[in-house]
Amino acid sequence: GIDAVGWIFGILGVFLAIQASRVKFIFGPQALEVAIGKSEEELQKTENVFVGGENIWRYDSFMNWEFWWPNFPVLVYFKESQTKPEGQIHFFPVIFNGKQVYDVMVKRCGSSQNSAPKQV
């Protein structure tokens, strides 16, 4: 019942807190990179466990990107053609300042096709 749901959300919360402290999304001038490490000195490039290859994607390969949900971003989606020509889909949780990430994505990749944070 409710206790099981509480445990699931509690475990998810702990997992995301741990990931937020060790997974780094690096928005470089030409590409988005995902690295693992608690400090700049410890950052390690990792291989993508789902599709292989490095976790680095050029912005010019992005076919589309979206924030779900724009007013309360929880998940970022992007599709890129660098991994495979027909496009590879990626998701990552928003475990950081969503507005800041949105602004960087617009600057580096251009406007999203379907969503945008609404100004309040």
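Placed above this text is the structure.
**A few points about the side chain of glutamate 66**
Following the sequence through the fold, glutamate 66 ends up in strand β5 (residues 62-68). In terms of polar contacts, glutamate 66 uses its side chain to reach the side chain of asparagine 64, at 3.5 Å. Among the polar contacts made by the side chain of glutamate 66, one reaches the side chain of serine 112 at a distance of 2.7 Å.

**Points about the nonpolar core**
The biggest cluster of nonpolar side chains holds 17 residues, and the ones touching the most others in it are Phe25, Phe27, Leu32, Phe62, Phe67, Phe78 and Met105. Looking at this core, the elements with two or more residues in it are β1 (23-27), β2 (31-36), β5, β6 (75-80) and α2 (98-109).

**Digging into the packing of aromatic side chains**
For the structure shown, the criterion picks out 11 aromatic pairs. On the numbers, 5.5 Å between centres and 55° between planes, the contact of tryptophan 65 with tyrosine 102 is tilted. Taken as a pair, tryptophan 65 in strand β5 and tyrosine 102 in helix α2 lie far apart in primary sequence, 37 residues in all. The class for tryptophan 65 is buried, based on a relative accessible area of 2%. Tyrosine 102 gets classed as buried once you look at its relative accessible area, which sits at 10%. Look at tryptophan 68 and phenylalanine 91: their rings are 5.6 Å apart centre to centre, the planes differ by 35°, and that puts the pair in the tilted class. Here tryptophan 68, found in strand β5, pairs with phenylalanine 91, found in strand β7 (residues 88-93); they are 23 residues apart in sequence, far enough to count as distant. Its relative accessible area of 46% is what places phenylalanine 91 among the partly exposed residues.

**Remarks on the pattern of salt bridges**
Evaluated as defined, the whole model comprises 2 salt bridges. The partner of aspartate 60 in a salt bridge is arginine 58, and the shortest N-O contact between them spans 3.1 Å. With relative accessibility at 41%, the residue arginine 58 sits in the partly exposed group.

Definitions and limits used
- Residues numbered from 1 in each chain as written.
- Predicted model: local features only at pLDDT ≥ 70, side-chain atom pairs only at ≥ 80, totals over all residues.
- Heavy atoms only, no water.
- Helix = DSSP H or I, 4+ residues; strand = E, 2+ residues; numbered from the N terminus.
- Polar contact = N/O pair within 3.5 Å; in protein donor to acceptor, adjacent residues only side chain to side chain.
- Core = buried A, V, L, I, M, F, W, Y, C linked by side-chain atoms within 4.5 Å.
- Buried < 20%, exposed > 50% of the residue type's maximum accessible area, 1.4 Å probe, protein only.
- Phe/Tyr/Trp six-rings, centres within 6.5 Å; stacked < 30°, edge-to-face > 60°.
- Salt bridge = Lys/Arg side-chain N within 4 Å of Asp/Glu carboxyl O.

Function-wise, these values are silent; they only describe arrangement.
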